[in-house]
Amino acid sequence: MGFDRGNLTFRICLLPDTLPSNFLEKIAAECAGSLEHVTDEPSWGWVTGRFLLETEITEQNSKFGPYLHICLRQAERKVPASLLNAECKLEELSRMRANNKDRLSRKELKEIKEGIKERLLPQMPPSFSGTYAAIDPIAGVMYLTATSAKQLDIFSGFFSKAAGFDPLPMTPDNLAQVKYGVDPLDVPAVNISPELEEINGATGLLGENFLTWLWFFQESHNGIIPPTRLGDFSLMVDGPLTFVAEGGGAFESSLRKGNPVIAAEARSAMMVGKKLRSAKIILARNKGEEWVCTLDASQFIIRGLKLPDGEAMDPVDIFTERMANLDIFRQMLFELFHLYLNTVTDSAKLAEYQEQAKKWVQNHAQH
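Residues numbered from 1 in each chain as written. Predicted model: local features only at pLDDT ≥ 70, side-chain atom pairs only at ≥ 80, totals over all residues. Heavy atoms only, no water.

Visitor: Is there a simple way to think about the overall build of the chain in this case?
Guide: What the chain contains, in helices and strands, is eleven helices and twelve strands. Across its three principal axes, the chain shows a C-alpha extent of roughly 80 × 55 × 35 Å. In the structure as shown, the chain presents an accessible area of about 18700 Å², 50% of it carried by carbon and sulfur atoms. (Helix = DSSP H or I, 4+ residues; strand = E, 2+ residues; numbered from the N terminus. Areas by Shrake-Rupley, 256 points an atom, 1.4 Å probe, with all protein chains shown as cover.)

Visitor: How should I be thinking about the pairing of strand β6 (residues 141-144) in this particular structure?
Guide: On β6, burial covers both faces: Val141 and Tyr143 on one face and Met142 and Leu144 on the other are all buried. Direction of pairing for strand β1 (residues 8-14) relative to β6: antiparallel, over a ladder of four bridges. By the bridge assignment for β6, Ile12 is matched with Tyr143. Sheet analysis places strand β5 (residues 127-136) next to β6, joined by four bridges and oriented antiparallel. (Buried < 20%, exposed > 50% of the residue type's maximum accessible area, 1.4 Å probe, protein only. Pairing = 2+ DSSP bridges.)

Visitor: How do you make sense of the side chain of Ser193 when you look at a structure like this?
Guide: Secondary-structure assignment places Ser193 in the loop between α6 (172-179) and α7 (198-201). Aside from chain neighbours lying at most four places away, what touches Ser193 is Met270, Met271, Val272, Gly273 and Lys358. (Contact = heavy atoms within 4.5 Å.)

Visitor: Teacher, can you tell me more about the environment of Ile112 here?
Guide: As for its placement among the helices and strands, Ile112 is situated in helix α4 (residues 106-120). In this structure, the C-alpha to C-alpha distance between Ile112 and Lys89, residues 23 residues apart in sequence, is 9.2 Å. Residues in contact with Ile112, not counting those within four places in the same chain, are Cys88, Glu91, Glu92, Arg95 and Leu104.

Visitor: How do you make sense of the side chain of Glu208 when you look at a structure like this?
Guide: Take Glu208: it is sitting in helix α8 (residues 206-220). Note on Glu208: relative accessible area 4%, which makes it buried.

Visitor: Looking at this structure, I do not really get the packing of aromatic side chains. What am I missing?
Guide: A ring pair, where both rings are aromatic, is described by two values, the distance of the centres and the angle of the planes. Counting across every chain of the model gives 20 aromatic pairs. Linked through ring pairs, Phe210, Trp213, Phe217, Phe300, Phe337 and Tyr340 together constitute an aromatic cluster. Here Arg73 stacks its cationic end above the ring of Phe128, 5.7 Å away from the centre of that ring. One residue, Lys161, lies across the ring of Phe158, its end atom 5.1 Å from the ring centre. (Phe/Tyr/Trp six-rings, centres within 6.5 Å; stacked < 30°, edge-to-face > 60°. Lys NZ or Arg CZ within 6 Å of the ring centre and 35° of its normal.)

Read these as layout, nothing more, since geometry by itself doesn't imply function.
Here it is as structure tokens:
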């Protein structure tokens, strides 16, 4: 699904350079071909972000205000496994009867399978999927539905042909380094367990330590975020919660039922050094403006983001309104991450956070 409707699952990428003026023309030159020529080998090509069959790419259907909405489509034909197995079995039994055999060789079975695939494949409807991108050239960012490394690699290869550069995924490490000039190796992991020695408790990836801090920050500040140029926001961290730890034992644990954020199991997980990898995040501004998603903190993958209800009626206005709300969410996420970096890279602030967080974990673990 594209960025023009529904909840959104995506990652944020930085555009390290300006898109060429003929970017859309280059995309259009590599548009997806006719489905008639699709085989069992995956094929890729560009379509608009509106739907997967719209292969003619123009400014009218791919540019909305300053934003671009495109999609890299993958198409292939597949014979369903159940159908292939059934056809193979029929042919196998027929050959055994015809040749008075009780079994066939591996070579014969392979020939049967290949022959049936060749016969059935042209009859199969093509299946296709898309990796959608919403591009904000002014902010120099791209929102991309490629959540796996494989999807990202494939998309980047095609994108770089048209743009002349690769998009840079804004993982926690990249965000710290590129946007805020902080070497991620200089950002310490933090021990907030009152039961573990520093060397054993200071674990977790940068994103996991950030999300754990964000939970502490929300509870210690009653959900109030310091005033921003975008307005006054409040924050809530909610379940489901997923905790992870390094080393042996129960590496990952998830809390889904009841009210995970006040469950003793949640604080118990942090008592043994586990950090928060994913959680539900709710940002609110004014009355009725809410951004709700699940944040996968290890790679900064945003899942199921629900944007505030819009007022626009025209398709172009709807898209630009959604992009504006998406940009607000991005800026607030980055600001919170920046606040975390400022906290843990300052020795005095780090010591204060660590002391308060240990008390927070200790007090809640006893309920």
